[in-house]
Amino acid sequence: MHHLLESVKKIAQSGSSTVLIRGETGTGKELIARMIHYWGNPQGAFVDVNCAGFPENLLESELMGHEAGAFTDARKSKRGLLELADRGTLFLDEIAEMPMNLQSKLLRVLEHKTFRRVGGTSEIKVQMRFVAATNKDLHQEVETGTFREDLYYRLTVIPVHVPALRERPEDITLLANYFLERFNRELSGKVTSICPKAMELLGNYRW
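Scoring rules and cut-offs
Residues numbered from 1 in each chain as written. Predicted model: local features only at pLDDT ≥ 70, side-chain atom pairs only at ≥ 80, totals over all residues. Heavy atoms only, no water. Helix = DSSP H or I, 4+ residues; strand = E, 2+ residues; numbered from the N terminus. Buried < 20%, exposed > 50% of the residue type's maximum accessible area, 1.4 Å probe, protein only. Contact = heavy atoms within 4.5 Å. Areas by Shrake-Rupley, 256 points an atom, 1.4 Å probe, with all protein chains shown as cover. Core = buried A, V, L, I, M, F, W, Y, C linked by side-chain atoms within 4.5 Å. Expected span 1.5 Å × (residues − 1). Arc of directions from axis to C-beta. Polar contact = N/O pair within 3.5 Å; in protein donor to acceptor, adjacent residues only side chain to side chain. Patch = residues over 30% accessible without salt bridge, like charges linked within 9 Å, V, L, I, M, F, W, Y side chains within 5 Å. Salt bridge = Lys/Arg side-chain N within 4 Å of Asp/Glu carboxyl O.

A. Geometry of the overall build of the chain. Across its full length, the chain holds nine helices and nine strands. Seen through its principal axes, the chain has C-alpha atoms that stretch 65 × 40 × 30 Å. By the burial criterion, 40% of the 207 residues in the chain qualify as buried. Sequence separation of at least 24 residues holds for 71% of the intrachain contacts in the chain that already meet a minimum separation of 6. Total accessible area on the chain stands at roughly 12,100 Å², and carbon and sulfur atoms take up 51% of it.

B. Quick peek at the nonpolar core. The biggest cluster of nonpolar side chains holds 31 residues, and the ones touching the most others in it are L63, L90, L92, I95, M98 and F130. Elements with a minimum of two residues in this core: β2 (46–50), α3 (56–64), α4 (81–84), β5 (89–93), α5 (100–112), β8 (129–134), α6 (138–143) and α7 (149–155). The biggest single contributor to this core is α5, with five residues. Ignoring any residue separated from it by four or fewer positions in sequence, one finds L90 in contact with V47, L63, L81, L82, A85, M128, R129, F130 and V131. With 15 residues, the next largest nonpolar core counts L4, V8, I21 and I36 among its residues.

C. α5, seen in detail. Across its 13 residues, α5 extends 19 Å between first and last C-alpha, which sits within 8% of the 18 Å expected from 1.5 Å per residue. Taken as a whole, α5 has its buried residues at L102, Q103, L106, L107, V109 and L110. Taken around the axis of α5, the buried residues stretch over an arc of 160°, which confines them to a single face. Against the buried residues of α5 lie α3, α4, β5, β6 (114–115), β8 and α7. A positive backbone phi angle near 60° is found at K113, which sits one or two residues after α5.

D. The arrangement of unusual backbone geometry in detail. Non-glycine residue N41 carries a positive phi angle of around 50°. Structurally, N41 is set in the loop between α2 (29–39) and β2. Its relative accessible area of 65% is what places N41 among the exposed residues. Positive phi values are uncommon outside glycine, yet E94 reaches one of about 55°. Among the secondary structure elements, E94 is positioned in the loop between β5 and α5. When its relative accessible area of 29% is taken as the criterion, E94 is described as partly exposed.

E. Seen up close, the side chain of T89. As for its position among the elements, T89 is in strand β5. Judged by its relative accessible area of 3%, T89 is buried. At 2.7 Å, the side chain of T89 forms a polar contact with the side chain of H37.

F. Seen up close, a nonpolar patch on the surface. A contiguous nonpolar surface patch, about 470 Å² in accessible area, is contributed by L175, Y178, F179, F183 and L187. Positionally, Y178 belongs in helix α8 (residues 170–187).

G. Broad picture of the pattern of salt bridges. A full pass over the atoms with the stated rule returns 14 salt bridges. Ionic pairing is found between E83 and R117, a salt bridge with its closest N-O pair at 2.9 Å. Residue E83 is found in helix α4, and its partner R117 is found in the loop between β6 and β7 (124–125); the two are separated by 34 residues along the sequence. In this pair, the class of E83 matches that of R117, namely buried. Between E123 and R116 there is a salt bridge, with its nearest N and O atoms 2.9 Å apart. Take R116: its relative accessible area is 47%, and that puts it in the partly exposed class. It is possible to trace a salt-bridge network through shared partners that takes in E67, R79, E83 and R117.

Written out as structure tokens, the structure reads:
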């Protein structure tokens, strides 16, 4: 993990290169994305969006924003997350779940750093770092036709792999003791240690 974090520091200071973070669910991909953002001394905000958390029609509006009257209930213009992340970082979590038609629009943003709001005609320029994350094998998604190959290569300029806890079992005792101390403080607890048998069970669990 020290090696990983040293790499993340170098990536953060490398400018605005696009980063793809790979790792299983729960390994801390968003934490790594935030480190890349804050260690890079950005002038803008860290903005995150879960690509699996919105229906297809809403995700585009969430990212690009929309003009008044673009669709039903769009009574006024709205800035999208791309605009909010200008001069900062846009974190695209679960990027593999992004619909194909929106993938092509994201590719255009990556290539030209411009986009149009839904229902708009004016080009809006943005400058930011794109960080994407996935728990899937994007190369496999490309092979099956569910992810654009050109977008895949645009996103994997700098790949980062976050290992699961079972791949670094020496951290289990450290983390267990950290959480023991933390919850003792938060809950006014008086648990002084974890017995060897319990620690053995934690060590053998397939995190």
